Amino acid sequence: MSQASNEQPIRAEACWPAHEARVDTLASVCALLNRVVEDLPHKAVAPLCDLSNVRAAVAAFDFDAPTEPLTVVRRVVELLEGGMVHTMHPGYFGLFNPTATFPGIVADLITAHLNPQLSVWSHAPIPVEIERRVIAEIAALFGWPANGTTGHFTSGGAEANHTALLLALTDAAPGFAEAGTGAFSGAPRIYASADSHLAWLKIAHAVGIGRDALRLIGTDGRGRLNPEQLRAAIESDLALGHRPVFIAATAGTTNAGMIDPIGACVAIARNHRLWMHVDAAWGGAVAVLPKGQTTLVGIDAADSITVDAHKWLSVPMGAGMLLCRHPDPLGDTFNVAASYMPASLDSIDPYTHSMQWSRRFIGLKLFLSLACMGWVGYRTLVQHSLDMAAELRSRLTASGWNVVNDSPLAVLCFTDSTRVLDLAAVAAHVVSDGRAWISTARFEGRTVLRACITSHRTATLHLERLVRALDDARQKVAP
Ligand SMILES: *Cc1c(COP(=O)(O)O)cnc(C)c1O
């Protein structure tokens with residue numbers, strides 16, 4: 001028998017093993033993964049790995065001959081355990097990457113198994129309607145009416161922000177969809193604070209207005225956009241013959257969790273007829289709490305909002321949302337009719353109202369989390385992060401650290417209260433020690449240590465470990 005015909009059945013089998021083998025393999029994989037996640041708190045948050053070892057380990061997988069799936073899976077998971085920053089670890093105080101909810105994880109398993117295609121309604125009516133329901137519920141959190149509100153799931157916040165800017169440009173100049181920026185009499189200008197998420201730079205490039213179109217407005221000494229400077233920048237652009245189009249207020253800055261004065265931005269946007277967007281990628285989750293209305297005051301007047309489900313709402317990556325207050329802009333911006341796409345007459349086909357064409361069932365992760373945990377579960381999750389942040393603040397202060405931001409959300413920026421320290425070295429010591437993961441950021445002109453509560457599994461014990469790791473690092477770094 002030739003080698004090829006020998007290999008044939010093995011290949012086919014790994015692609016789609018027999019029913020019993022699939023069930024057994026899935027059970028083993030789930031058991032393995034749950035053991036790994038369970039053990040994480042006793043392991044280093046960020047294992048040390050060396051580039052050449054990483055490359056060699058990856059190169060060692062043999063694609064020339066099939067290997068039994070569980071053998072490959074065990075090896076991959078073992079490599080992952082020692083080869084990534086563990087965002088599922090309760091000692092990860094990092095960049096908004098959450099410990100995923102269990103229903104969210106199950107949702108991705110379902111999506112991968114059934115692989116629905118959400119580009120047109122008729123291909124996946126239940127998935128499309130499930131996403132529509134979740135989008136409407138999230139929009140209602142921000143005080144938006146059920147009627148007229150539109151939106152969809154995105155890969156993340158950057159795609160949602162990109163979408164919002166396209167809506168604004170299409171709305172501002174009727175010919176923009178066809179002619180691009182040539183449809184504008186003056187060069188389009190957009191505004192966000194210096195502490196906004198700098199995906200705006202890439203987005204400005206991608207939509208064709210160029211990075212220079214982004215005006216970064218100064219902050220007020222507390223990390224929030226300064227509305228006086230915003231007004232002045234718009235007036236000066238108008239005087240130069242430019243065309244102001246879009247304001248993005250950030251609700252929950254990445255460095256310090258600060259919330260721009262949304263109401264003041266809305267007033268300026270209305271006065272100059274600009275599109276008002278709120279980038280609430282991380283901070284939007286606070287709207288699940290009754291006091292969220294106060295924290296995000298003014299957000300109901302926005303034209304569009306970005307919220308990431310894969311940040312504080314804690315579903316696995318990638319899951320963002322773009323919400324639009326008006327019924328027409330999404331269709332005006334994204335409508336195309338392709339002869340080979342089945343048309344749905346009574347309902348909106350997602351591919352005609354969003355950037356993506358083929359669409360994964362992103363929304364199931366949030367739907368399943370909501371259906372299993374209820375709003376009460378989300379209120380508990382968000383409130384827990386706020387409680388942990390408040391506790392961390394007092395522990396840091398008691399240990400001689402000086403918290404310099406006053407965010408209503410769950411992120412702390414701090415420095416040493418007595419000495420000038422190399423804070424990047426402090427953060428590096430904490431990370432290499434393995435007990436916790438933190439980083440540095442710039443806040444109001446200085447470098448700070450930054451600790452964000454991102455895991456719903458973070459408890460007092462992990463705060464104690466973080467503060468101890470910081471205190472030890474300070475000893476090592478102190479001049
Ligand atoms: C994370 C974040 C983004 C980018 O979102 P991705 O999901 O990473 O694409 C944009 N804006 C803010 C305020 C963010 O926190």
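Quick look at the structure, then. (Residues numbered from 1 in each chain as written. Predicted model: local features only at pLDDT ≥ 70, side-chain atom pairs only at ≥ 80, totals over all residues. Heavy atoms only, no water.)

**A look at the sheet that holds strand E2 (residues 188–193)**
Thought 1: Read across the open sheet, the 7 strands follow the order E1-E7-E6-E5-E4-E2-E3; overall the sheet is mixed. Both outer strands of the open sheet, strand E1 (150–154) and strand E3 (214–217), are each paired with one neighbouring strand and no more. Adjacent strand axes in the sheet meet at a mean angle of 20°, parallel and antiparallel pairs treated alike.
Thought 2: One ladder, built from 5 bridges, connects strand E4 (residues 243–250) with strand E5 (residues 275–279); its direction is parallel. Considered in E5, the bridge of Phe-246 is made with Trp-275. (Pairing = 2+ DSSP bridges. Helix = DSSP H or I, 4+ residues; strand = E, 2+ residues; numbered from the N terminus. Axes fitted to C-alpha atoms, helices over the stretch in contact; angles between N-to-C directions.)

**Focus: the side chain of Thr-111**
Thought 1: Tracing the sequence through the fold places Thr-111 in helix H5 (residues 102–114).
Thought 2: Residue classification places Thr-111 among the buried residues on the basis of a relative accessible area of 3%.
Thought 3: If sequence neighbours within four positions are ignored, Thr-111 has contacts with Pro-116, Arg-360, Phe-361 and Leu-364. (Buried < 20%, exposed > 50% of the residue type's maximum accessible area, 1.4 Å probe, protein only. Contact = heavy atoms within 4.5 Å.)

**Some remarks on unusual backbone geometry**
Thought 1: Cis rather than trans, the peptide bond between Met-317 and Gly-318 has omega equal to -10°.
Thought 2: By the element assignment, Gly-318 lies in the loop between strand E6 (304–308) and strand E7 (320–324).
Thought 3: Residue Phe-96 is not a glycine yet carries a positive backbone phi of 70°.
Thought 4: Tracing the chain through its elements places Phe-96 in the loop between helix H4 (69–82) and H5.
Thought 5: The exposure class of Phe-96 is buried, given its relative accessible area of 3%.
Thought 6: Unlike most non-glycine residues, Asn-115 shows phi in positive territory, near 45°.
Thought 7: Inspection of the secondary structure puts Asn-115 in the loop between H5 and helix H6 (125–141).

**A short note on the nonpolar core**
Thought 1: Counting residues in each nonpolar core, the largest one holds 83 residues, and the members touching the most others are Ile-247, Trp-312, Leu-366 and Leu-470.
Thought 2: When residues no more than four places from it in sequence are discounted, the contact partners of Ile-247 are Tyr-191, Leu-230, Ile-234, Cys-265, Ile-268, Ala-269, Leu-274, Trp-275, Met-276 and His-277.
Thought 3: Core analysis: the second largest hydrophobic core is formed by 28 residues, Ala-199, Val-207, Ile-209 and Cys-324 among them. (Core = buried A, V, L, I, M, F, W, Y, C linked by side-chain atoms within 4.5 Å.)

**As for the pattern of salt bridges**
Once their charged atoms are close, side chains differing in charge can pair, the charge on each being opposite to the other.
Thought 1: Using the criterion set out here, one finds 20 salt bridges in the structure.
Thought 2: Note that Glu-464 and Arg-395 form a salt bridge whose closest N and O atoms lie 3.7 Å from each other. With a gap of 69 residues between them, Glu-464 in helix H16 (residues 460–477) and Arg-395 in helix H14 (residues 364–398) connect regions that are remote in the sequence. (Salt bridge = Lys/Arg side-chain N within 4 Å of Asp/Glu carboxyl O.)

Bear in mind that shape data such as this cannot, by itself, settle questions of function.
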